[in-house]
Every structure is written in structure tokens, then in C-alpha cells.
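# Coordinates in review
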Amino acid sequence: MEATQRNSNAASINKRRFMFKVIAATALSGTSGLVRAQAKPVELSETDPQAVSLGYKVDATKVDKAKFKGYQAGHQCSNCNLFKAEANAANGACAIFPGKNVAAKGWCSAWIKKG
Ligand code: SF4
């Protein structure tokens, strides 16, 4: 009888250890899923159809000034109200191009003075 109870307790402990491992493995796989969800945004390409329509250039000095008459020297993404980035970052997020990074020295015709 005593031996049966000991075996039962050992089985219970093994079952608990197994469940702990399953929970730990599940938690770890969930963490790696979060890391994947926060992948770095891709750089906006000048050939992206929306970028083309807005005249986006990685280098604001290369803007087609004949076509985009609203461009003025000194206007660039880093001083646009739609640009979000750390201070002095080379690129950052733009509300016009969700999920993509634009160059701090870039420009497009949706430029709005930082307020
Ligand atoms: S909206 Fe502003 S930050 Fe976005 S690409 Fe155009 S100029 Fe740059």
C-alpha cells in the first residue's frame, strides 16, 4: 500500500514537471512571436508607387523642382510634422507611409512644417 502511494506521488510530481515544461515552452515561443511582430520597418523605396506619386526622394536636393513646385530648399523629412524619429536619426517613421522608414534628408510633396 505504501509503495503504491509513493508511486502515485512520483507520478504526480512527474506530471507537474511535464506541465511546467509545456508552459515554459509555450511562453518562450510566445516571446519569439513578439520579437517577430516588432520587425524593423523597411526603407521606403523611391520606386514605391505612392512614393512616386508624391515625388519622394531619399535626398531632398534631388526633388524634381519643375514638377513639385511646393518644394523649397531646406525642407526635408526631419523638419516635417509627419516624421517621427529619435533626434539626429538617419531615418524614421512617416504617417504617410505606414510600416516604412523614410530618410531624414528625404522629402515628398506631403511635407508639412513641423509645428
Ligand atoms: S510626409 Fe514628410 S516625413 Fe513623410 S516622406 Fe513626406 S516629407 Fe518626409
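Cut-offs and rules
Residues numbered from 1 in each chain as written. Predicted model: local features only at pLDDT ≥ 70, side-chain atom pairs only at ≥ 80, totals over all residues. Helix = DSSP H or I, 4+ residues; strand = E, 2+ residues; numbered from the N terminus. Contact = placed C-beta atoms within 7 Å. Core = buried A, V, L, I, M, F, W, Y, C linked by C-beta atoms within 7 Å. Buried ≥ 20, exposed ≤ 12 C-beta atoms within 10 Å, placed from the backbone. Pairing = 2+ DSSP bridges. Near = placed C-beta within 6 Å. Nonpolar A, V, L, I, M, F, W, Y, C, P; charged D, E, K, R; others polar. pLDDT = per-residue confidence, 0-100.

## Quick word on the overall build of the chain
Of regular secondary structure, the chain possesses two helices and four strands. For the chain, the succession of helices and strands along the chain, N to C, is α-β-α-β-β-β. Residue pairs at least 24 apart in sequence account for 57% of intrachain contacts in the chain once pairs closer than 6 positions are excluded.

## Re the nonpolar core
Cys77, Phe83, Cys94, Val102, Trp107 and Cys108 are the most contacted members of the largest nonpolar core, which totals 16 residues. For tryptophan 107, the residues in contact, after removing those within four places along its chain, are Lys57, Ala60, Val63, Tyr71, His75, Gln76 and Cys77.

## Some details on the sheet that holds strand β2 (residues 83-84)
Overall, mixed pairing links the four strands, which are arranged β1-β4-β3-β2 in an open sheet. The sheet is open, and its two edges are formed by β1 (42-43) and β2, each paired on a single side. Here two bridges tie β2 to strand β3 (residues 91-94), and the two strands are oriented antiparallel to one another. Paired with phenylalanine 83 across the two strands is cysteine 94, which belongs to β3.

## Brief notes about the pairing of strand β4 (residues 100-103)
With two bridges joining them, β1 and β4 adopt parallel strand pairing. When the bridges of β4 are listed, glutamate 43 appears paired with asparagine 101. Bridge count between β3 and β4: three bridges; the pairing is antiparallel. Residue pairing across strands places glycine 92 opposite valine 102, the latter belonging to β4. Between β3 and β4, which follow one another and run antiparallel, lie five residues, and glycine 99 among them has a positive phi close to 80°.

## Focus: the site of the ligand
Cys77, Cys80, Phe83, Cys94 and Cys108 are the nearest of the 13 residues found near the ligand. A per-class count over the shell around the ligand returns 12 nonpolar, one polar and no charged.

## Overview of the confidence of the model for the chain
Across the chain, pLDDT averages 81, with 67% of residues at or above 70. Note that residues 18-35 has pLDDT below 50 and, in this model, zero contacts with residues that lie over four places away or in other chains.

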